[in-house]
Amino acid sequence: MANKDENNSQFNSSEKDATEKEHSIHMFRQMLKIRKFEENVNQLYTSAKMPGLSHLSIGQEAVAVGVCEALRNDDYITSTHRGHGHCLAKGAATNLMFAELLGKASGYCRGKGGSMHIADQDSGNLGANAIVGGSAGIATGAALSAKMRGTDQVSVCFFGDGALGQGIIYEVMNMASLWSLPVIYVCENNLYTEYTHYTETTAGDITARAKAFHIHAEEIEGQDVRQVLSTSGKLVQRARSGQGPSFLLCNTYRYFGHHVGDINRAYYRTKDEENDWKTNRDPLIIFSNWMTSSGLLNQSDLDQVESEVQTEIEDAVQFALDAPYPKPEEVKKHVYA
Amino acid sequence: MSMPESSERIITFSQAVNEALAEEMRREKTVFIIGEDVAEAGTPFKVLSGLVEEFGTERVLDSPISESGFTGIGVGAAMTGMRPVVDIMFGDFMTITMDQIVNQAAKIHYMSGGKLKVPMVVRTNLGASRRSGAQHSQSLHVWLSHIPGLKVVLPSTPYDAKGLLKTAIRDDNPVVIFEDKMMFQDKGNVPEDDYTIPFGVADIKKEGTDITLIGTSSMVQIALEAADLLAEKDISAEVIDPRTVMPLDKKTLIESAIKTSRVIVIDEGYDSYGVTAEIASVIAEGAFYHLEAPVKRIGAMDVPIPFSPVLEDLTVPNAGMVVEMAKTLCAAA
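Keep in mind that what you see is a predicted model, and the values were worked out from it rather than measured.

Undergrad: Give a detailed account of the overall build of chain A, specifying residues and quantitative values.
TA: In terms of helices and strands, chain A carries 11 helices and seven strands. The globule rule puts the C-alpha radius of gyration for 337 residues at 20 Å, and the 19 Å found for chain A is close to it. Each principal axis of the C-alpha atoms in chain A carries an extent, and together these give about 50 × 50 × 45 Å. Split into buried and exposed, the 337 residues of chain A put 50% on the buried side. Partitioning the contacts of chain A with sequence separation of at least 6, the portion at a separation of at least 24 is 75%.

Below, the structure is given as structure tokens:
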């Protein structure tokens, strides 16, 4: 992962351009990796090669990448049931993730976590969570821990609009504010609390909830990775320098259903709405258009990245398909440390 | 009893808990306490009095009344290098922490394939008889005992309270300790030394030959009282305290059952589906051909705990109930 705290002033303009180009390619690669990863999850799932449930984050790539690019490797995140993007953006490897999703022994959690429980301690990912809002305490506790241990680590709690209905979010925001903890609550509002529009489940104003606790809150266009990165960078810096928690509302959209099996969505949203987001507010299109129009990259650069990511994902899927399942004796391991 | 005879020092159960926490906090900088009114107030039971003066508000954190929230914060802190002791003021409030303990703390080590650990202690209490009504009197330890990944500890003496708590703090797993709030002023010998008591090792509190009385927490005292009364009737009762119900020292319990051939299990959880049921089943399986009578259970009456003292007292196991049941079992031989 690139060093986000780098002070670019030392570079002359061509070096600066080179660095910006490199970082832009990196972010584009990360977003594309998530997109292709999820497309392959969909494929694996619908061809009955992947067991269980799967919740795709296609459409929300810019939030995961923009936020995680503002973090260091030793910063923490907690994630959600729609967490593949967060996990990849924080630095996980595609092959070990696919292996975990298929329940294989070489997966990140030896096949015992699965899609909704992937954790990767080495990249600071304290875990996806299948309880909506369930990780808010963990993220806040990691921030308390960082403060107590005297490190300058920052903790990010990803959650969706659905978690706004869970009480624990407000309990821990209260404590984070009281104790000035280095935690950022990133609310991904993808408009749907499972199969229900969030306005039917969420009264009042979302950022006002955080402001009521005197938590610094911002609302941004979550489809624009540059905006997500710059705002996240500011909030991370605040947290790292002891200025306390913040709340980042990212407006985004989930292209697929609540889970892979949620195909017929007409009863809760229109095809026109979906097509509008896919056409006019797609995070990959927005970012690649910016890169090409600003002259940073040309189409062949993007094609090159695309082909590299495609190869990586194909290899990763094959790695996971070929990987062995856990042995039966694994079932009783790790109940206790 | 496993108590060393060298150092005689009589202190209360409450002081023993306090001493265990202070010693561990001195020994290990990552240990901290979080909960409602734990700092200057030292909890309503005053068990933590003096700790904030020594360790400061950075390590003895008064929280809002948010059991779910600060238990979750404990989980996150434990996953990232700290050893929190989460204080849940009444055992009844464990209901509010359930997602954080059952779905998060208990499962994180397993779900992460052994990568993440949650070395967290939850200190709470159990037991009726304080005229506190149905929401401040329950003994809900079996809820946690049912969940793989958790350890559940039930100290019955000041000596055990100190040694078991120290073991809990040093354990790399989530451990829930239930102390009976009626025992805080009980006195006993507690060495000043640093000692720990291993989990999963039952303590034979009194040896006997005719019947085994297995008691947990304050029910150990009820069993000992019953044993004294039974001795007057020439019935020799053995009293065993499992000390931890998860892990459970099945071997010691079964061996005693084989020796005496009769068993009563006494625990203050509700009568049905309780710790008593599990222990009775363990003995039925392990000592079946040696039993002279069915394994019997005594728990709290299956009713919400009533407020009126005359009613509340009917719901809690007492020595008289144990004696009557023991006499029946022994007469049946």
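Undergrad: Requested: an account of the sheet that holds strand E10 (residues 211-215) of chain B, with residues and values cited.
TA: Residue and element names in this part refer to chain B. One open sheet holds the five strands; their spatial order is E9-E11-E10-E13-E14, and the pairing between them is mixed. Two strands close off the open sheet at either side, each with one partner strand: strand E9 (203-206) and strand E14 (296-300). Each neighbouring strand pair of the sheet contributes to a mean axis angle of 25°, computed without reference to strand direction. Looking at chain direction, E9 and strand E11 (residues 237-241) are connected through three bridges and run antiparallel. Bridge pairing in E11 links isoleucine 204 to isoleucine 240.

Undergrad: Any details on the pairing of strand E3 (residues 183-189) of chain A? Residues and values, ideally.
TA: Residue and element names in this part refer to chain A. Of all seven residues that make up E3, seven are buried, and the element is covered over most of its length. Both faces of E3 are covered, namely the face carrying Val183, Tyr185, Cys187 and Asn189 and the face carrying Ile184, Val186 and Glu188. Looking at chain direction, strand E2 (residues 155-160) and E3 are connected through six bridges and run parallel. What sits directly across from phenylalanine 159, in E3, is cysteine 187. Since E2 and E3 lie parallel, the crossover through helix H6 (residues 167-178) that links them has a hand, and here it is right-handed. One ladder, built from six bridges, connects E3 with strand E7 (residues 246-251); its direction is parallel.

Undergrad: Account for the interface of chain A and chain B, naming residues and giving values.
TA: At the junction of the two partners, chain A supplies 35 residues and chain B supplies 36 residues. Of all the secondary structure elements, the ones that give two or more residues to the side of chain A that touches chain B are helix H5 (136-149) and H6 of chain A. At 11 residues, H5(A) tops the list of elements feeding residues into the side of chain A that touches chain B. Here the side of chain A that touches chain B is built from residues that sort into 18 nonpolar, 12 polar and five charged.

Undergrad: Give me the sheet that holds E3(A): which residues, what numbers.
TA: Residues and elements named next belong to chain A. The strand order across the open sheet formed by five strands is E1-E2-E3-E7-E6, and the pairing between neighbours is parallel. Edge positions in the open sheet fall to strand E1 (76-78) and strand E6 (216-221), since each of these has one partner strand only. Taking the axes of each pair of neighbouring strands and ignoring which way they run, one obtains an average angle of 20° across the sheet. On top of the sheet, H5 reaches E1, E2 and E3; it is set at about 170° to E2, its chief contact. Of the strands in this sheet, E3, E6 and E7 are in contact with helix H8 (residues 225-240), which crosses E7 at around 170°.

Undergrad: Residues and numbers for the packing of helix H1 (residues 13-27) of chain B against helix H6 (residues 158-170) of chain B, please.
TA: Residue and element names in this part refer to chain B. Relative to each other, H1 and H6 sit at 25°, their axes nearing to 8 Å. By the angle class used here, H1 and H6 are roughly parallel. Crossing of H1 against H6: the hand is right-handed. Residues Phe13, Ala16, Val17, Glu19, Ala20, Leu21, Glu23 and Glu24 of H1 lie in contact with H6, whose contacting residues are Pro158, Ala161, Lys162, Leu165, Lys166 and Ile169. For the contact of H1 with H6, the per-class residue count stands at nine nonpolar, no polar and five charged.

Undergrad: Can you lay out H5(A) for me, pointing to particular residues and giving the numbers?
TA: Structural remark: α-helix, 3.6 residues per turn; residues separated by three or four positions point the same way. All names here are of chain A. A rise of 1.5 Å per residue sets the reference length of H5, with its 14 residues, at 20 Å; its end C-alpha atoms lie 20 Å apart and thus fit the reference within 8%. Burial runs high along H5: 13 of the 14 residues are buried. At the C-terminal side of H5, glycine 150 shows a positive phi close to 75°.

Undergrad: Before we move on, could you go through the packing of H5(A) against H6(A) and cite the residues and values that matter?
TA: Residues and elements named next belong to chain A. Axis separation between H5 and H6 bottoms out at 9 Å; the angle between their running directions is 15°. The angle between H5 and H6 falls in the class roughly parallel. Seen from above, H5 lies across H6 with left-handed handedness. Of H6, the residues touching H5 (which contributes Ala136, Gly137, Thr140 and Ala143) are Ile168, Ile169, Val172, Met175 and Ala176. Residues of the contact of H5 with H6, tallied by class, amount to seven nonpolar, two polar and no charged.

Undergrad: Just give me the short version of the nonpolar core, but keep the residues and values in it.
TA: One recurring pattern in soluble globular proteins: nonpolar side chains tend to sit buried together. With 195 residues, the main nonpolar core has Val156(A), Val186(A), Leu213(B), Ala226(B), Val322(B) and Ala326(B) as its most contacted residues. Of all the elements, helix H1 (residues 13-46) of chain A adds the most residues to this core, at nine residues. Counting residues domain by domain, this core receives three or more from each of domain 1 (10-189) and domain 2 (203-331) of chain B. Apart from residues no more than four positions distant in its own chain, Val186(A) is found in contact with Val63(A), Val67(A), Val156(A), Cys157(A), Phe158(A), Leu248(A) and Cys250(A). Core analysis: the second largest hydrophobic core is formed by five residues, Tyr270(B), Ala300(B), Ile305(B) and Val316(B) among them.

Conventions adopted
Residues numbered from 1 in each chain as written. Chains lettered and ligands numbered in written order. Predicted model: local features only at pLDDT ≥ 70, side-chain atom pairs only at ≥ 80, totals over all residues. Helix = DSSP H or I, 4+ residues; strand = E, 2+ residues; numbered from the N terminus. Rg over C-alpha atoms; globule rule 2.2 N^0.38 Å. Buried ≥ 20, exposed ≤ 12 C-beta atoms within 10 Å, placed from the backbone. Contact = placed C-beta atoms within 7 Å. Pairing = 2+ DSSP bridges. Axes fitted to C-alpha atoms, helices over the stretch in contact; angles between N-to-C directions. Right-handed = clockwise from strand over helix to strand, strands pointing away. Nonpolar A, V, L, I, M, F, W, Y, C, P; charged D, E, K, R; others polar. Parallel < 35°, antiparallel > 145°, perpendicular 65-115°, else oblique. Left-handed = near helix turned anticlockwise from the far one by under 90°. Expected span 1.5 Å × (residues − 1). Core = buried A, V, L, I, M, F, W, Y, C linked by C-beta atoms within 7 Å. Domains from an automatic or database assignment.

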